[in-house]
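One letter stands for each residue in the lines below.
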Amino acid sequence: MSRQYCRIGSRTIAYLDSAPGQRELRALVLLHAFPIGANLWESQMRHVPAGWRLITPDLRGFGGSTDVDSPSALSMTDYAEDSADLIDELGVARAVIGGCSMGGYASLALYQARPELFLGLVLANSRAGADSPEARANRRSMLALVDREGPQGVAREMMPRLLGKSTQEHKPDVEATVRRLIKGQSPVAIRGAIHRMMDRADSTPLLAQVKVPTLVITGAEDEMIPVEESRRMAAAIPGATLVVIPGAGHLANLEQPDAFNTALNTFLSTL
């Protein structure tokens, strides 16, 4: 696993790559959750199945990726376009593409724009619907918190709901890792992500149009996106597979990596 950098126009996109330059391998592209960065996927990087290459970008402003000053409104399509440009630049014709939470929102935005890129779709601890009025109000409060306290305040505020009860009680190392990853992000990236999530479109009508194999995976203890919502999303996607991981909350891939990797690699083996 090594961090790579790709210059595209005025942007620099940073990404982790399990097998740089090995175009003969099939590609899996995973987009990270808010507000963490590509290192969310370290456990998956260590267990990439044979024949596959895992690529995990830092979304705009996160990690080593630059932000872009733009006169236009911030949009979830920014993340989708960056991901598509990176995939194209790396010479990948088609890939299994997915993400966790915010990364899932970006993956759906990418499917809307470039369905031909998809060999399969992975939606982890994510949802298709737009923000409710209550969620938008909570995001405005989060914007104020970023301005007051920066990433450290965001980490403190999110931690009780970000990780499942089992993780909080029995895996203090996971909590420490997540806090470290959040604190390492820039306030600009965090603010931009909040705006993009707050204003994202409702992707629910898209679900019935998904024509590629799809894995919906979530944690049984996810308080941010309840399991029932994942069930409904999986039911709306033709032929989708749903996996619910016991003992995991909103970051199932990090909280229960062995179970997550088994589900993911089993799905990949069917393609």
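This section reports on the structure supplied with the text. (Residues numbered from 1 in each chain as written. Predicted model: local features only at pLDDT ≥ 70, side-chain atom pairs only at ≥ 80, totals over all residues. Heavy atoms only, no water.)

Side note on the nonpolar core
Right, so step 1: Within the largest apolar cluster, 89 residues are counted, with the highest numbers of intra-cluster contacts made by Phe34, Phe62, Met102, Val178 and Leu251.
Right, so step 2: Top contributing element to this core by residue count: helix H4 (residues 133–162), with nine residues.
Right, so step 3: Leucine 251 has contacts with Ala33, Ile36, Leu40, Cys100, Asn125, Leu162, Leu163 and Val178, leaving out every residue within four places of it along the chain. (Core = buried A, V, L, I, M, F, W, Y, C linked by side-chain atoms within 4.5 Å. Buried < 20%, exposed > 50% of the residue type's maximum accessible area, 1.4 Å probe, protein only. Helix = DSSP H or I, 4+ residues; strand = E, 2+ residues; numbered from the N terminus. Contact = heavy atoms within 4.5 Å.)

Section: the packing of aromatic side chains
Right, so step 1: For the structure shown, the criterion picks out two aromatic pairs.
Right, so step 2: Ring geometry for tyrosine 111 against phenylalanine 118: centres 5.0 Å apart, planes inclined by 70°, an arrangement best described as edge-to-face. Accessibility assignment for this pair places tyrosine 111 and phenylalanine 118 in one class, buried.
Right, so step 3: Lying across the ring of tyrosine 105, arginine 200 places its NZ or CZ 3.8 Å from the centre. (Phe/Tyr/Trp six-rings, centres within 6.5 Å; stacked < 30°, edge-to-face > 60°. Lys NZ or Arg CZ within 6 Å of the ring centre and 35° of its normal.)

Observations regarding the side chain of threonine 12
Right, so step 1: As for its position among the elements, threonine 12 is in strand E2 (residues 11–17).
Right, so step 2: Owing to a relative accessible area of 16%, threonine 12 belongs among the buried residues under this scheme.
Right, so step 3: A polar contact of 3.0 Å, which involves the side chain of threonine 12, links it to the side chain of arginine 7.
Right, so step 4: Among all residues touching threonine 12, those that are not within four sequence positions of it are Tyr5, Cys6, Arg7, Gly64, Ser65 and Thr66. (Polar contact = N/O pair within 3.5 Å; in protein donor to acceptor, adjacent residues only side chain to side chain.)

A short note on the side chain of aspartate 131
Right, so step 1: With respect to the secondary-structure elements, aspartate 131 resides in the loop between strand E6 (118–124) and H4.
Right, so step 2: Here aspartate 131 falls in the buried class, since its relative accessible area comes to 12%.
Right, so step 3: Looking at aspartate 131, its side chain comes within polar contact range of the side chain of arginine 139, at 2.4 Å.
Right, so step 4: If we ignore the near neighbours within four places in the chain, the residues touching aspartate 131 are Arg136, Arg139, Met197, Met198 and Arg200.

Some thoughts on the layout of surface pockets
Right, so step 1: Volume-wise, the largest pocket comes out at about 660 Å³.
Right, so step 2: Forming the walls of the largest pocket are 25 residues, and the residues nearest its centre are Asn138, Arg139, Met142, Arg161 and Met224.
Right, so step 3: Ranked by residues supplied to the lining of the largest pocket, first place goes to H4 with eleven residues.
Right, so step 4: When the residues that make up the lining of the largest pocket are grouped by side-chain class, the tally is 13 nonpolar, five polar and seven charged. (1 Å grid on protein atoms, 1.4 Å probe; cavity = no way out; pocket = protein on both sides within 12 Å on 5 of 7 lines; lining within 4 Å. Points joined across faces, edges and corners; volume = space filled by probe spheres on them. Nonpolar A, V, L, I, M, F, W, Y, C, P; charged D, E, K, R; others polar.)

Concerning unusual backbone geometry
Peptide bonds are, in most cases, trans, and in most cases residues other than glycine have a negative phi.
Right, so step 1: For the peptide bond that leads from phenylalanine 34 to proline 35, omega is -10°, which places it in the cis range.
Right, so step 2: In this fold, proline 35 is placed in the loop between strand E3 (26–31) and helix H1 (42–45).
Right, so step 3: Positive phi, close to 45°, is recorded for asparagine 125, a residue that is not glycine.
Right, so step 4: Position of asparagine 125 among the secondary structure elements: in the loop between E6 and H4.

Quick notes on the packing of H4 against helix H6 (residues 172–183)
Each pair of packed helices gets described by two things: the angle between the helix axes and the distance between those axes.
Right, so step 1: Where H4 meets H6, the axes come as close as 9 Å, and the angle between the chain directions of the two elements is 145°. Here H4 and H6 pass one another in a crossing that is right-handed. Of H6, the residues touching H4 (which contributes Pro151, Gln152, Val154, Ala155, Arg156, Met159 and Leu162) are Glu175, Val178, Arg179, Ile182 and Lys183.
Right, so step 2: Classifying every residue of the contact of H4 with H6 by side-chain character gives seven nonpolar, one polar and four charged. (Axes fitted to C-alpha atoms, helices over the stretch in contact; angles between N-to-C directions. Left-handed = near helix turned anticlockwise from the far one by under 90°.)

Some thoughts on the environment of glutamine 256
Right, so step 1: As for its position among the elements, glutamine 256 is in the loop between helix H10 (252–255) and helix H11 (257–269).
Right, so step 2: Discounting chain neighbours no more than four positions away, the residues touching glutamine 256 are Lys171, Ile245, Pro246, Gly247 and Ala248.

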